[in-house]
Amino acid sequence: MQTAPKVVGTLEALKEKIESKTARVGIVGLGYVGLPLAAEFAKAGFTVTGIDVQDSKVAGLNRGESHIQDVPSSEVAKLVREKRFTATTDFSVVHDLDTINICVPTPLRKTKDPDMSFIVSAVEAVAKHFHPGLLVILESTTYPGTTDELLLPTFEKLGYKAGTDFFLCFSPERVDPGNPTYQTYNTPKVVGGVTPACTEMGRLFFSQALQTVIPVAGTRVAEMVKLLENTFRMINIGLANEMALMCDGMGINVWEVIDAAATKPFGFMPFYPGPGLGGHCIPIDPFYLSWKTKQSGIEARFIDLAGYINGNMPHFVVDKVQTALNNHGKPVKGSRVHVAGAAYKRNIDDMRESPALDIILLLKKRGAIISYSDPFVPELRLDGTSLYSEPLLESAARADCVVIVTDHSDFDYKGLLDSAKLIVDTRNAMKRFQSEKIVRL
Ligand SMILES: NC(=O)c1ccc[n+]([C@@H]2O[C@H](COP(=O)([O-])OP(=O)(O)OC[C@H]3O[C@@H](n4cnc5c(N)ncnc54)[C@H](O)[C@@H]3O)[C@@H](O)[C@H]2O)c1
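Residues numbered from 1 in each chain as written. Predicted model: local features only at pLDDT ≥ 70, side-chain atom pairs only at ≥ 80, totals over all residues. Heavy atoms only, no water.

Caption draft 1: Looking closely at the overall build of the protein. What the protein contains, in helices and strands, is 14 helices and 15 strands. Computed over C-alpha atoms, the radius of gyration of the protein comes to 24 Å, within 12% of the 22 Å expected from 2.2 N^0.38 for 441 residues, which places it in the range of a compact globule. Along the three orthogonal principal directions, the C-alpha set of the protein runs to about 80 × 50 × 45 Å. In the protein, which comprises 441 residues, the proportion classed as buried is 52%. With an accessible surface of roughly 19700 Å², the protein has 55% of that area assigned to carbon and sulfur atoms. Side-chain charges in the protein split into 47 positive and 50 negative, and the spacing between the mean points of these groups amounts to 2 Å. (Helix = DSSP H or I, 4+ residues; strand = E, 2+ residues; numbered from the N terminus. Rg over C-alpha atoms; globule rule 2.2 N^0.38 Å. Buried < 20%, exposed > 50% of the residue type's maximum accessible area, 1.4 Å probe, protein only. Areas by Shrake-Rupley, 256 points an atom, 1.4 Å probe, with all protein chains shown as cover. Lys, Arg positive; Asp, Glu negative; His and termini not counted. Charge placed at Lys NZ, Arg CZ, Asp CG, Glu CD.)

Laid out in structure tokens, this is it:
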């Protein structure tokens, strides 16, 4: 252990800086989570430095160009002009910062084990330029124990003590890209520190820019909160998907069943089936939990089962397309299938883990000729080739079958009904139409 310089009055000094908004805020990782957070603190009156490893993102931001749909370029340009926000790839700026929020990716390895490499590399880079009085908050979704087991020893090895010399918290991110009602500032923020003083510092920090802050007993509780939220969604979507399979077998409209059940004013919350899970959270985060619990001998059986059911949905959709074509006297091989919507959910441009990718690949394997439309995704790279978004109605008219994978609001569904020969609807986007052309999930 190194011997750190004696730190006097760190807690009071940092509190004073946060309350007077003179604390210099650093955000590591400027993606879907980090950039909206940086913008929120800059708008609240702080001077914010964003740190990212991608030169192109950093250069774009410094030119006032946003790469995140929820943060308009006009907003970034204004914050850059007013010197409230700047971006860099150089971690040495940590020397001059008072707070650091780490918002780097936490993907899974092929084996479904957590890939902690982004967190490790960000934490090591921060540690190189660490100084007393720093508040560090991890926001990346991860398994319970990460903050205590990975971040705390890295910083304490430098000779500083958490809760007095520096402050360390975990705060789960709840950003919901494209949500028109809940954005970063009005989504309640949970925070837990490694000591009560850390929790209090985290609470004080977030409450300067965000509407509601919920302090919890520690970092493990805060880490587990996020995993409960996302596991809850994943399992309930798995149940809705299994319901869809059962209803399909019995000739029952699952959408009608769910809508009717949702009229119960208590004890029921609707979840809907779909073509499969997508995004950087729901298909991934629960496996961080199952990986960790396995180490204590506990099998996360709900997670495994929901993962299996959700993972099979693209296959089920492709079977539906094939059956629908066959019922119209066409083999899938050589048929033109147009995919309406490629992003993993409505009205956003995020392609990460999108089920559209699996569906396209599976259809191609069966010999279908694929085109797609997505107003948010102009180009798709798949298997080393590129597909380009086409106008929906013209392509639908040429296709033997249209499969609605993402129900973007901008699509002309009435026009689609008129121009398409056959529609497999995985989102109930054609709910208001009755037609023999429509095959629902
Ligand atoms: N996207 C969401 O809707 C969402 C919601 C809640 C939680 N999360 C979680 O938040 C975390 C970040 O997700 P995201 O969607 O913002 O990811 P993202 O890929 O959009 O952004 C991450 C950014 O971090 C940068 N980065 C990678 N390694 C770095 C390093 N060592 N130092 C600095 N920058 C680095 C990348 O270049 C990228 O710009 C993940 O753990 C994710 O699970 C995401």
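Moving on, there is more to tell.
Caption draft 2: Spatial organisation of the site of the ligand. Close to the ligand lie 28 residues, the nearest being Val33, Asp52, Lys57, Thr106 and Thr141. Tyr32 places a main-chain nitrogen or oxygen 3.1 Å from an oxygen atom of the ligand. Here Gln54 contributes a side-chain N or O atom positioned 3.4 Å from an oxygen atom of the ligand. Here the ligand loses 93% of its free accessible area of 830 Å² to cover by the protein chains. Ranked by residue count, the leading element in the shell around the ligand is helix 5 (residues 117-128), at three residues. Considering only residue class, the shell around the ligand consists of 15 nonpolar, eight polar and five charged. (Near = heavy atom within 4 Å. Polar contact = N/O pair within 3.5 Å; in protein donor to acceptor, adjacent residues only side chain to side chain. Nonpolar A, V, L, I, M, F, W, Y, C, P; charged D, E, K, R; others polar.)

Caption draft 3: Spotlight on the sheet that holds strand 9 (residues 336-340). Strand order in the open sheet formed by five strands is 10-9-13-14-15, and the pairing between neighbours is parallel. Each of the sheet's edge strands pairs with one partner strand only, and the pair in question is strand 10 (369-373) and strand 15 (438-440). Strand after strand, the sheet turns through a mean of 20° between neighbouring axes, direction not considered. Bridging between strand 14 (residues 423-425) and strand 15 involves three bridges; their strand directions are parallel. The residue bridging Ile423 from the neighbouring strand is Ile438, located in strand 15. The sheet contacts of helix 11 (residues 301-327) involve strand 9, strand 13 (401-404), strand 14 and strand 15, and relative to strand 13 the element is tilted by about 155°. (Pairing = 2+ DSSP bridges. Axes fitted to C-alpha atoms, helices over the stretch in contact; angles between N-to-C directions. Contact = heavy atoms within 4.5 Å.)

Caption draft 4: Focus on the side chain of Ser335. Looking at where Ser335 falls in the secondary structure, it is placed in the loop between helix 11 and strand 9. For Ser335, a relative accessible area of 2% translates into the label buried. A distance of 2.6 Å separates a polar atom in the side chain of Ser335 from the backbone oxygen of Pro331. Sequence-distant contacts of Ser335, that is, excluding residues within four places in its chain, are made with Leu325, Lys330, Ala368, Ile369 and Asp400.

Caption draft 5: Geometry of unusual backbone geometry. Phi at Lys21 is positive, roughly 60°, even though this residue is not glycine. Locating Lys21 in the fold gives a position in the loop between helix 1 (10-19) and strand 1 (24-28). Classification of Lys21 as partly exposed rests on a relative accessible area of 29%. Although it is not a glycine, Asn428 sits at a positive phi angle of roughly 60°. Along the chain, the position of Asn428 falls in the loop between strand 14 and strand 15. Residue classification places Asn428 among the buried positions, given a relative accessible area of 13%.

Caption draft 6: Inspection of the packing of aromatic side chains at higher detail. Scanning all chains against the criterion turns up 13 aromatic pairs. On the basis of an interplanar angle of 20° and a centroid distance of 4.6 Å, the ring pair of Phe130 and Phe155 is categorised as stacked. Separated by 25 residues along the polypeptide, Phe130 in the loop between helix 5 and strand 5 (135-138) and Phe155 in helix 6 (residues 146-156) bring together distant segments of the chain. Of the two residues examined, Phe130 and Phe155, each falls in the buried class. For the ring pair Tyr143 and Trp291, a centre distance of 5.0 Å and an interplane angle of 50° mean the geometry is tilted. Here Trp291 lies in helix 10 (residues 285-294) and Tyr143 lies in the loop between strand 5 and helix 6, a separation of 148 residues in the sequence. Exposure remark for Tyr143: the relative accessible area of 8% places this residue in the buried category. In this structure Trp291 comes out as partly exposed when scored by relative accessible area, which is 25%. (Phe/Tyr/Trp six-rings, centres within 6.5 Å; stacked < 30°, edge-to-face > 60°.)

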